[in-house]
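If you want the building blocks of each chain, they are given just below.
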Amino acid sequence: MFCTPPLPATPSSTPTTHCLATSLTTYTIEYFSPKTEITTATATATATDKIIFVIIPPLRTTEYVFSSTSGAQLLYSQTECPKCLVIVKPTIANPSITTSQVKADITDLIRSTQSHLNSSATATIMTIGEEPGASGHVIHETETTLILDIDSDDTEFTSRQLIFKSNLGVIQSEAFRFKASGEWCYSKCSFDYHYTMCAALVAFAVAAQPTHHLAVIGLGGGQLSMFINYLLSTHLITTIELDKNVKNLAVDHFGYRETDENTVQIQDGLDVNFPPNSIAALLLDVDTKDDSVGMACPPEPFISPEYLQRVKQMTNCIIINVSARDKNCLTRVCDIVKSVFGTCFVSEQIEGEVNVVVVGVANEIDSTQLQQTVAAFCERATPQIQKSTADELNSAVSLFKRYKKKTRGGKKKHGKKTNGT
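What counts, and at which threshold
- Residues numbered from 1 in each chain as written.
- Predicted model: local features only at pLDDT ≥ 70, side-chain atom pairs only at ≥ 80, totals over all residues.
- Heavy atoms only, no water.
- Helix = DSSP H or I, 4+ residues; strand = E, 2+ residues; numbered from the N terminus.
- Buried < 20%, exposed > 50% of the residue type's maximum accessible area, 1.4 Å probe, protein only.
- Contact = heavy atoms within 4.5 Å.
- Areas by Shrake-Rupley, 256 points an atom, 1.4 Å probe, with all protein chains shown as cover.
- Core = buried A, V, L, I, M, F, W, Y, C linked by side-chain atoms within 4.5 Å.
- Pairing = 2+ DSSP bridges.
- Arc of directions from axis to C-beta.
- Polar contact = N/O pair within 3.5 Å; in protein donor to acceptor, adjacent residues only side chain to side chain.
- Phe/Tyr/Trp six-rings, centres within 6.5 Å; stacked < 30°, edge-to-face > 60°.
- Lys NZ or Arg CZ within 6 Å of the ring centre and 35° of its normal.
- Axes fitted to C-alpha atoms, helices over the stretch in contact; angles between N-to-C directions.
- Parallel < 35°, antiparallel > 145°, perpendicular 65-115°, else oblique.
- Nonpolar A, V, L, I, M, F, W, Y, C, P; charged D, E, K, R; others polar.

(A) Spatial organisation of the overall build of the protein chain. Along the backbone of the protein chain there are 11 helices and 19 strands. The 421 residues of the protein chain split such that 53% are buried. Within the protein chain, contacts between residues at least 6 apart in sequence are counted, and of these 69% link residues at least 24 apart. A total of about 19300 Å² of accessible surface is found on the protein chain, and carbon and sulfur atoms cover 50% of it.

(B) Representation of the nonpolar core in the model. Leu201, Phe204, Ile228, Leu231, Ile319 and Val359 are the most contacted members of the largest nonpolar core, which totals 45 residues. Elements supplying a minimum of two residues to this core: α5 (192-206), β11 (213-217), α6 (223-231), β14 (281-284), β16 (317-324), β18 (355-361), α10 (370-381) and α11 (387-397). For this core, the element with the highest residue contribution is α5, accounting for 12 residues. In this structure Val359 touches Ala200, Phe204, Cys317, Ile318, Ile319, Val337, Thr343, Cys344, Phe345 and Phe400, once residues within four positions along its chain are discounted. Listed in part, the 33 residues of the second largest apolar core include Ile279, Met295, Met314 and Val358.

(C) Representation of unusual backbone geometry in the model. Cys297 connects to Pro298 through a cis peptide bond whose omega is -10°. Unusually for a residue other than glycine, Asn277 sits at a positive phi of about 55°. Within the secondary structure, Asn277 sits in the loop between β13 (262-266) and β14. Residue classification places Asn277 among the exposed positions, given a relative accessible area of 54%.

(D) The sheet that holds strand β10 (residues 184-185), seen in detail. Read from one edge of the open sheet, 5 strands run β6-β7-β8-β9-β10, paired in antiparallel fashion. In the strand order of this sheet, the two ends are held by β6 (136-141) and β10, each with one partner. Relative to β10, strand β9 (residues 173-178) runs antiparallel, the two being bridged by 2 bridges. Bridged to Arg177 within β10 is Trp184.

(E) Structural view of helix α8 (residues 305-314). Looking at α8, one finds that the buried residues are Tyr307, Leu308, Val311 and Met314. Considered in projection along α8, the buried side chains sweep an arc of 105° and stay on one side of the axis. The inward-facing, buried residues of α8 abut β11, β14, β16 and α9 (327-341).

(F) The side chain of Asn355, seen in detail. With respect to the helices and strands, the residue Asn355 is situated in strand β18. With a relative accessible area of 7%, Asn355 lands in the buried category. At a separation of 2.9 Å, a polar atom in the side chain of Asn355 contacts the side chain of Asn321.

(G) Here's a closer look at the packing of aromatic side chains. A full pass over the atoms with the stated rule returns 8 aromatic pairs. Ring geometry for Phe204 and Phe400: centres 5.6 Å apart, planes at 80°, overall edge-to-face. Taken together, the residues Phe204 in helix α5 and Phe400 in strand β19 (residues 400-402) connect sequence positions 196 residues apart. When its relative accessible area of 6% is taken as the criterion, Phe400 is described as buried. Between Phe302 and Tyr307, the aromatic rings sit 5.3 Å apart at their centres with planes inclined by 80°, giving edge-to-face as the arrangement. Here Phe302 and Tyr307 have matching classes, each one buried. The structure contains a cluster of three or more aromatic residues connected by ring pairs, namely Phe157, Phe176 and Phe178. Above the ring of Trp184, the side-chain terminus of Arg177 is found at 4.3 Å from the ring centroid.

(H) Structural context of the pairing of strand β7 (residues 145-150). A large share of β7 lies buried, amounting to 6 of its 6 residues. By the alternation rule, side chains of β7 split into Thr145, Ile147 and Asp149 and Leu146, Leu148 and Ile150, which are all buried. Two elements, β6 and β7, share 5 bridges in a ladder whose sense is antiparallel. Bridge assignment links Glu141 to a residue of β7, and that residue is Leu146. Hairpin connection from β6 to β7: 3 residues lie between these consecutive antiparallel strands. Summarising the sheet, β7 and strand β8 (residues 157-164) pair through 6 bridges and their orientation is antiparallel. Within β8, the residue paired with Leu146 across the bridge is Ile163. Linking two consecutive strands that pair antiparallel, namely β7 and β8, is a turn of 6 residues.

(I) Fine view of the packing of α5 against α10. As a packed pair, α5 and α10 sit with axes 9 Å apart at the nearest point and diverge in direction by 105°. Our classification of the angle between α5 and α10 gives roughly perpendicular. Contacts between α5 and α10 involve Ala199, Val202, Ala203 and Phe204 on the former and, on the latter, Leu370, Thr373, Val374 and Phe377. The class makeup of the residues in the contact of α5 with α10 is 7 nonpolar, 1 polar and no charged.

Dropping the structure here:
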C-alpha cells in the first residue's frame, strides 16, 4: 500500500497554466553551512514576472519530483509559469535544517538567487511538508519502520499510519479505529485508489469469473485485504507479502486478522505461482522503496511482459496501483498491460492525486455496463455493506476509461481498424 503525496498547490488562486521551462540549471550556494543546492527552472519571456521559491525539507530531497530534471520540469508545469522556479534543498551534508528555518531566514537566499539570475522579480515562497505524521506521535519503531497515531479533530475515527524510514515522505498504510469503542474499522479506506481498485474488482472480475479466489500482492498494514474481506465475505483472499515483519506489524498494530478465508503467504511477489485460471483477479499494490524514480508503484519487474504473461496464465484480470510522476511511465504500463491482456482500462486521475488504477482483462468487456455492474452488486450486498461504501464504489467505477494506444502521427497502421488501439 502506497500513496504518493501530491505536489504543492500553486501559491495563489490564479488558475494553473501548464507550461514548460526552457532551461534547467542546478548549482550550489554557500547558505546554511555548509551549503544548499539550488535548481532553477527558467522560462521564456512570456512567463509571469515572478520567482517562486519551493523549499524542500531534508527528509524529502531524494524524491523524484525534487531530485531529477524531469521532476523539476513537472513541478514547474504545476505553477503559474514564473520567470523562474527555484527548488531549494539542503544537501545531505546538512540534514538538520528544517523548512521552517529556511523560511524564517530566506531573505539572503532570495537576494543571492536574484543576483545570480540578474533579476529583481517578485519572490513567492512555497513550502513542502516535513513528513507525514507531523500531527501525530510515534507508538512503535523498528529499524525500518515508524508507526504513528495521528491527532485529528474527527469525532468518529482515529487513524494510525505506517511509514518506512527509507521513504519518510510517503504514508505506506493508514487504518481507522472507532473513537467510541476502539475497534478497528474495516469498511473505510484512507486512500481513494483502494476504493478504485475494489470497484475494478467488482466491475471486471467478480461477476465474470466462476472462481472465488483473489490474490493481493503487498500487505502493508492489511487495510486493502481487510476491506476486500468486508466487501466480498464469501471469497478466499491470499495476500502475498515479502517481509514477515510487515505481517507482524499488520497483526499487532493495524488490526489485520488472518482467517481461513483471508490468509498471508510470505513470498516474493515476483515468484507467485497459482494454478492456471485459479484466481478471479490479482491486485498489485506494491512500491519500489526508491523515491528517486519517476514511477513509485509498481516496481519495474512487476510490469515486465514476462511477468504479466505468467500472471495471465493464473487469471484473466490484473488490477494495478500505479503511482507515476512521469506520465511516460504510466503510458508504458498501459501499453504493456494492453499488449499482454488484450484490453486495458485506466482510471482518470483525481485532482491533487498521483495514484491511478490500471486494469488488464483478457476476456471481452462491455464498458457501457461497468457502472450498472457495480450498482447491482452494491444493491445485492445491502445491508452487508454500508451506504457510504456503496457510494464510494459507484463513484470510483465511473473513473474508468478504455485505454487506447496512441500511434505515431495518429495514423492507423496499414489503414485498418485497430479495435481500440
